[in-house]
Amino acid sequence: AWAPLLLGLRTGFCGSLTSFSSWNQAVVALLVTHSKWREALVAVTIGILLPFAALLLGHRLALFAHLADPLRRRRPPPPPALPHVDGAPPSPPPSPPPSSPSPLIAPNLRHSGDGDRSLDELVSERLERARSSRNASRTSSGAATPAPPSTPPSPPPATASSGAAPANNGPLYRWLAVALLVGTYAAIAASAATIEPKDVDGDSFRDFKLCVGIATAPFGALLRWKLGKLLNGKCTGGPCARWPLGTLTANLLASGLLAALAGLCEYDVFGEVAADGNGAWYAEATLKGVGLGFCGCLSTVSTWINEVNTLLSPRPSAEAAAGYGCGCAGVTYALGSVALGLAVGVPAFGWSEWA
């Protein structure tokens, strides 16, 4: 029941809150615009270690909250599950066998003439006789013993007397989500239409960029979720074995696109931005809004660092002497993602400086 909520929090909120492309673009700007190699190296190191420490802290806090939950300690342990036979209610747990014969069975056993047989055999035989006599009495009274069904019986159709079947609310929820989405975009469009260009990189520019970012952010998050669903777990061999290709592809696409958009804005492809709101003003605000919303939500640091932590864990291995192989894939995945991100971002943004 909680799976859709957890998926939304992990993929939608946490994945969009952390942005790999913005971090990668900041490092690219340090390398290309300012030529600060040492600062870029420090930024890469902190960008890997700090989220990793935050992830481990979150794991420990969740474990502490689980162990310190007072309701969990007061909650009684669940009863053991008992098997059902032919749809009958579960029988109570069997009592331990008595140390001596039961007084209800022992007198009959003493006079049965089977002193050489064990107590278990005599009890089983007596129970079988009682079951046979009960079935015979049911047959004589006209009620035949029902045979155990080979397949579970289908539920009877819902009628007015038996009550209506539970309604399928899936289409209703989808239409409500569509109505909410349409209403949200209508409010964003109305807000953007009321913004009057008054400055460059001021309040009006920031508000218009924010409207574009909010409008494009859901598409980036959905594309990242779709790429992860399609590509993660597909790479099983080679130097990139066990790498989550879906997350890597999303981060590289977002890093390259954000670097290209930043290069277009830096090079003033659409002309000089005027404070009175010319075409370049709207074009640059829109491009930066796409980079903020779509690229920022398409890439993720939280999912990436969680995958690195998973790949660092030892895994069972038949070749290893201790039975577990090393987690070297986590190191190669982390460093490879950073290297590929810079390899995509530097030329995508550097042309605006080198032209």
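The structure presented is a predicted model; accordingly, all values stated were derived computationally and were not measured. (Residues numbered from 1 in each chain as written. Predicted model: local features only at pLDDT ≥ 70, side-chain atom pairs only at ≥ 80, totals over all residues. Heavy atoms only, no water.)

Participant: Just to check I follow, could you spell out the packing of helix α8 (residues 203-231) against helix α10 (residues 279-298) for this structure?
Facilitator: Geometry of a packed helix pair, given as the angle between the helix axes and the separation of the axes. At a minimum axis distance of 6 Å, the contact between α8 and α10 shows a crossing angle of 35°. Judged by the twist between their axes, the crossing of α8 over α10 is right-handed. Residues belonging to the contact of α8 with α10 are distributed by class as follows: 16 nonpolar, seven polar and four charged. (Axes fitted to C-alpha atoms, helices over the stretch in contact; angles between N-to-C directions. Helix = DSSP H or I, 4+ residues; strand = E, 2+ residues; numbered from the N terminus. Left-handed = near helix turned anticlockwise from the far one by under 90°. Nonpolar A, V, L, I, M, F, W, Y, C, P; charged D, E, K, R; others polar.)

Participant: Whenever I open this one, the pattern of salt bridges confuses me. Can you help?
Facilitator: Charged atoms that come close allow side chains of opposite charge to pair. One pass over the structure, following the stated rule, counts three salt bridges. Where R206 meets D203, a salt bridge forms, and the shortest distance between an N and an O atom there is 3.5 Å. Here R206 and its partner D203 are both found in helix α8, three residues apart, which amounts to about one turn of the helix. The class for R206 is partly exposed, based on a relative accessible area of 45%. For the salt bridge of R206 with D207, the shortest nitrogen-to-oxygen distance reads 3.3 Å. (Salt bridge = Lys/Arg side-chain N within 4 Å of Asp/Glu carboxyl O. Buried < 20%, exposed > 50% of the residue type's maximum accessible area, 1.4 Å probe, protein only.)

Participant: Help me understand the confidence of the model for the protein chain in this model?
Facilitator: Close reading of the predicted structure is inappropriate where its pLDDT is low. Mean pLDDT over the protein chain works out to 79, with 71% of the residues at or above the 70 mark. Averaged over each element, pLDDT in the protein chain is lowest for helix α5 (residues 106-110) (43) and highest for helix α2 (residues 20-32) (95). Throughout residues 99-116 the model reports pLDDT below 50, and contacts reaching past four residues in sequence, or to other chains, amount to eight contacts. Confidence drops under a pLDDT of 50 for residues 159-163, and excluding neighbours within four residues, the segment shows three contacts in the predicted structure. (pLDDT = per-residue confidence, 0-100. Contact = heavy atoms within 4.5 Å.)

Participant: Sorry, what's going on with the nonpolar core here?
Facilitator: Of all hydrophobic cores here, the largest spans 26 residues; its most connected members are W23, V27, I48, W304, Y333, V338 and L342. Listed by contribution, the elements that provide at least two residues to this core are α2, α3 (37-67), α9 (245-267), α11 (302-312) and α12 (328-354). Considering each element in turn, this core owes the most residues, seven residues, to α12. Not counting chain neighbours up to four residues away, the residues in contact with I48 comprise W23, W304, I305 and V338. By size, the runner-up hydrophobic cluster in this structure holds 11 residues, among which are I188, F205, F208 and A280. (Core = buried A, V, L, I, M, F, W, Y, C linked by side-chain atoms within 4.5 Å.)

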